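Structure assessment
Below are the chains, spelled out letter by letter.
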Amino acid sequence: MEREVWMRGAMVLSILALVVLILVTPTLLGRRSSELASVPLLSIGMDRNESAFIVNLGAVVQAYQYDLVRMTLNGSDPAVNRTYQENETFGFHVWVPGNATFSVHVYLLDQLVDQRRNYFEYNVSVHLDKDSQNRTVMVFTFPFEKDNQEIRITRPDDFHRVIPARGTLP
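Residues numbered from 1 in each chain as written. Predicted model: local features only at pLDDT ≥ 70, side-chain atom pairs only at ≥ 80, totals over all residues. Heavy atoms only, no water.

**Notes on the environment of Asn118**
- Looking at where Asn118 falls in the secondary structure, it is placed in strand β7 (residues 117–130).
- The buried category is assigned to Asn118, whose relative accessible area is 9%.
- Along the primary structure Asn118 and Val39 are separated by 79 residues, whereas in three dimensions their C-alpha atoms are 9.7 Å apart. (Helix = DSSP H or I, 4+ residues; strand = E, 2+ residues; numbered from the N terminus. Buried < 20%, exposed > 50% of the residue type's maximum accessible area, 1.4 Å probe, protein only.)

**Considering the pattern of salt bridges**
- Taken as a whole and assessed by the stated rule, the structure comprises six salt bridges.
- The partner of Arg155 in a salt bridge is Glu50, with the nearest N and O atoms 3.8 Å apart. You can see Arg155 sitting in the loop between β9 (150–154) and β10 (159–162) and its partner Glu50 sitting in the loop between β1 (40–46) and β2 (52–59), a full 105 residues away along the chain.
- Residue Glu50 is classed as partly exposed on the basis of its relative accessible area, which comes to 29%.
- Ionic pairing is found between Arg152 and Glu150, a salt bridge with its closest N-O pair at 3.8 Å.
- Bridged by salt links that share partners, the residues Glu50, Arg155 and Asp158 form one connected network. (Salt bridge = Lys/Arg side-chain N within 4 Å of Asp/Glu carboxyl O.)

**So, the nonpolar core**
- One finds Leu42, Ile44, Val55, Met71, Phe102, Val104 and Phe140 to be the most contacted residues of the largest nonpolar core, which totals 30 residues.
- At the level of secondary structure, the elements contributing two or more residues to this core comprise β1, β2, β3 (66–75), β5 (92–97), β6 (102–109), β7 and β8 (136–141). (Core = buried A, V, L, I, M, F, W, Y, C linked by side-chain atoms within 4.5 Å.)

**Some remarks on the pairing of β1**
- Burial analysis of β1 places six of its seven residues in the buried class, the great majority of the element.
- In terms of strand pairing, β1 meets β2 through seven bridges, oriented antiparallel. When the sheet's bridge partners are listed, Met46 is paired in β2 with Phe53.
- Counted between consecutive antiparallel strands, the loop separating β1 from β2 contains five residues, among which Glu50 sits at a positive phi close to 60°.
- In this sheet, β10 lies alongside β1 in antiparallel orientation, the contact comprising four bridges. Across the sheet, Leu42 pairs through a bridge with Arg161, a residue of β10. (Pairing = 2+ DSSP bridges.)

**Comments concerning the sheet that holds β5**
- Spatial ordering of the open sheet is given by β5-β2-β1-β10, a layout of four strands whose pairing is antiparallel. If you trace the sheet from one side to the other, it starts and ends with β5 and β10, each paired once. Between one strand and the next, the sheet's axes are offset by a mean angle of 15°, whatever the strand orientation. (Axes fitted to C-alpha atoms, helices over the stretch in contact; angles between N-to-C directions.)

**Some details on unusual backbone geometry**
- In the segment running from Arg155 into Pro156, the intervening peptide bond is cis, with an omega of 15°.
- Among the structural elements, Pro156 can be located in the loop between β9 and β10.
- Even without a glycine there, the phi angle at Glu50 is positive, about 60°.
- The backbone of Asn134 shows a phi angle near 60°, a positive value even though the residue is not glycine.
- Within the secondary structure, Asn134 sits in the loop between β7 and β8.
- Given a relative accessible area of 55%, Asn134 falls into the exposed group.

Encoded structure:
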């Protein structure tokens, strides 16, 4: 009985070792990372004194260079309305006044892999509110998502959302 337990444990460990080896081998051979490396992350938080939002755009797993990164901000304050765009970048961040209500549209274009490019796109609206204990709450709504849910995050926590792939371009 004990021998069977050891054999089953060894089989499970060998399968896990093979999976790890499959995932690590392309990197060891100097090939481009898997598609998982290109998945972007949108993070929105506030500075310590809650006077500004920090909107950050980058990769989830590791530093990853995108062919195009674009962020469009539209807000209640005219100074917020602008588009930031960079080519061949790893991501970037922008500061938005804390008293502004604004929406964020992000668009990222992946590097050319096998004659196609993935693109990622997402929209979120943001504003501040106060809870019953007078704490600052960031309120996020998703106007183009099916369930159009609202997320409320109390400071000092931040909002983090993986930006989904929306398709491929030739």
